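Structure assessment
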Amino acid sequence: MRVLPSIGCTAPVFSKPIARTCMQVPLNDLRRVHAPHASALRAAYERVFSRGAFVLGDEVRAFEQEFAAYCGTRECIGVANGSDALELALRALGVSTGDRVATVANAAMYSTLAIRATGARPVYVDVDEATLTMSPAALEALPSGTLHALVVTHLYGRLADTGQIVAYARERGIPVIEDCAQAHGAERDGTRAGAFGSLATFSFYPTKNLGALGDGGAIATSDAALADTVRELRQYGWRGKYRVDREGGRNSRLDELQAAFLRAKLPSLDRENARRRDIVNRYAKDIRHPDIRSPLPAGSDSVSHLAVIRTPHREALRAHLSERGVATDIHYPIADHRQRVSNAADVKLPVSERACSEVLSLPCFPAMTDAEADAVIEACNAWRR
């Protein structure tokens, strides 16, 4: 027997070509994702280079206008990354030391870290068993106590139950921040991610549905006063040049070059989201294994940022898929309240905890081929424990 060099599959040595081969399927391939945009990205670079303006220039202003229009909000403020977006959104709402902010615990600590950076305390809400987004029932069941804000994460590209969650918050005067880092373009009843809450935060990390060629982030809102506050916070707290009137400011500006790249890619976002949905819907339809929970089918309220399956035998499945040439990852393996730095070890979130032990991400990116998707499905269905 010999090992095929690039895919780790075994096959006997024959004098004739082997009829059946294994296919290497990456989790994502940014080279292939960006290939259709190459000319537009090069033109964007040349445009910025020729102007010689690299911070808060025409490209950032134009992208802010275009992305606000896309999301259906009046304002968009570009910032350095998605993590800063979350923290600055909280600070714009006045969240500070000792305040309580509701969030979920199955989304990699991003909202937790932002909450803790303001001095506030996260109040964890369990997630829905099917969608793994914030459960309205669990939110309603929270012990009494004032919440100063609520961060709702649209996980894996799927909108959370914004109707019930926003209604709950409005009845109690609680501002809602949408964490849209994985949900660019998701919509429900004609309203897109980013237009449901008081503020919405976005990441443009390269693997996102709308990804830059580096870090980037934004905050969207239709509240002019909040937008002005965020603009001050992203640049030292300045109300005028060198005049610091706003506490909590920092240097967190979307780079001019990244804004130009994002403008080049924004017109293709809906088409690329549709391709992601196609892949997830193939998985939902054709993965048929008694020990694998397939992804939920994807409609317009999901942009399929990740294709996540579940199994109580994750490591065995992951090893099998690796042997078959299928790359996987885990989003996310540790619930926030179980992290070593957490001080919430007494919190019980049974659905979140179980999900963190079962979730497994399959390849899903807009340049993925049908043959690659078929290879993933075949590998999943061929698993024998």
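Everything numeric here is computed off the predicted structure, so don't read it as measured data.

Strand order in the open sheet made by the 7 strands is E3-E11-E10-E7-E6-E4-E5, with mixed pairing throughout. In the strand order of this sheet, the two ends are held by strand E3 (75–79) and strand E5 (121–124), each with one partner. Adjacent strand axes in the sheet meet at a mean angle of 25° when their direction is disregarded. Taken together, the 3 bridges between strand E7 (residues 176–179) and strand E10 (residues 199–203) define a ladder with parallel strand orientation. From the neighbouring strand, Asp-179 faces E10, where its bridge partner is Thr-201. Packing against the sheet, helix H3 (residues 58–71) makes contact with E3 and E10, and its axis sits at approximately 125° to E3. Docked against the sheet, helix H5 (residues 110–117) engages strand E4 (100–103), E5 and strand E6 (149–153), running at close to 145° with respect to E5.

So, about the packing of aromatic side chains. The full count for this structure, using the stated rule, is 8 aromatic pairs. Here Tyr-236 and Trp-238 contribute two aromatic rings whose centre-to-centre distance is 4.9 Å and whose plane-to-plane angle is 50°, an arrangement assigned as tilted. With relative accessibility at 31%, the residue Tyr-236 sits in the partly exposed group. Between Trp-238 and Tyr-242, the ring centres sit 5.2 Å apart and the planes meet at 75°, which makes this aromatic pair edge-to-face. Trp-238 sits in the buried class, given a relative accessible area of 18%.

Here Thr-153 shows up in strand E6. Only 3.4 Å separates the side chain of Thr-153 from the side chain of Asp-179, close enough to count as a polar contact. Beyond its immediate sequence surroundings of up to four residues, Thr-153 is in contact with Val-104, Ala-107, Thr-133, Ala-160 and Asp-179.

If you look at the biggest cluster of nonpolar residues, it comprises 54 residues, and the most contacted ones within it are Leu-150, Tyr-283 and Leu-362. When residues of this core are traced back to their parent elements, those giving at least two are E6, helix H7 (162–171), helix H10 (269–286), strand E14 (307–310), helix H11 (314–323), helix H12 (350–358), strand E15 (359–362) and helix H13 (370–381). With 6 residues, H13 is the largest single contributor of residues to this core. Among the nonpolar cores identified, the runner-up in size contains 28 residues, and Ala-183, Ala-200, Phe-202 and Leu-266 belong to it.

Turning next to the pairing of E15. The two faces of E15 match: Val-359 and Ser-361 on one face and Leu-360 and Leu-362 on the other face are all buried. Summarising the sheet, E14 and E15 pair through 4 bridges and their orientation is antiparallel. Paired with Ile-309 across the bridge in E15 is Leu-360.

A few words now on the pairing of E3. Where burial is concerned, most of E3 is hidden: 5 out of the 5 residues are buried. Of the two faces of E3, the one holding Glu-75, Ile-77 and Val-79 and the one holding Cys-76 and Gly-78 are both buried throughout.

Definitions and limits used
Residues numbered from 1 in each chain as written. Predicted model: local features only at pLDDT ≥ 70, side-chain atom pairs only at ≥ 80, totals over all residues. Heavy atoms only, no water. Pairing = 2+ DSSP bridges. Helix = DSSP H or I, 4+ residues; strand = E, 2+ residues; numbered from the N terminus. Axes fitted to C-alpha atoms, helices over the stretch in contact; angles between N-to-C directions. Contact = heavy atoms within 4.5 Å. Phe/Tyr/Trp six-rings, centres within 6.5 Å; stacked < 30°, edge-to-face > 60°. Buried < 20%, exposed > 50% of the residue type's maximum accessible area, 1.4 Å probe, protein only. Polar contact = N/O pair within 3.5 Å; in protein donor to acceptor, adjacent residues only side chain to side chain. Core = buried A, V, L, I, M, F, W, Y, C linked by side-chain atoms within 4.5 Å.

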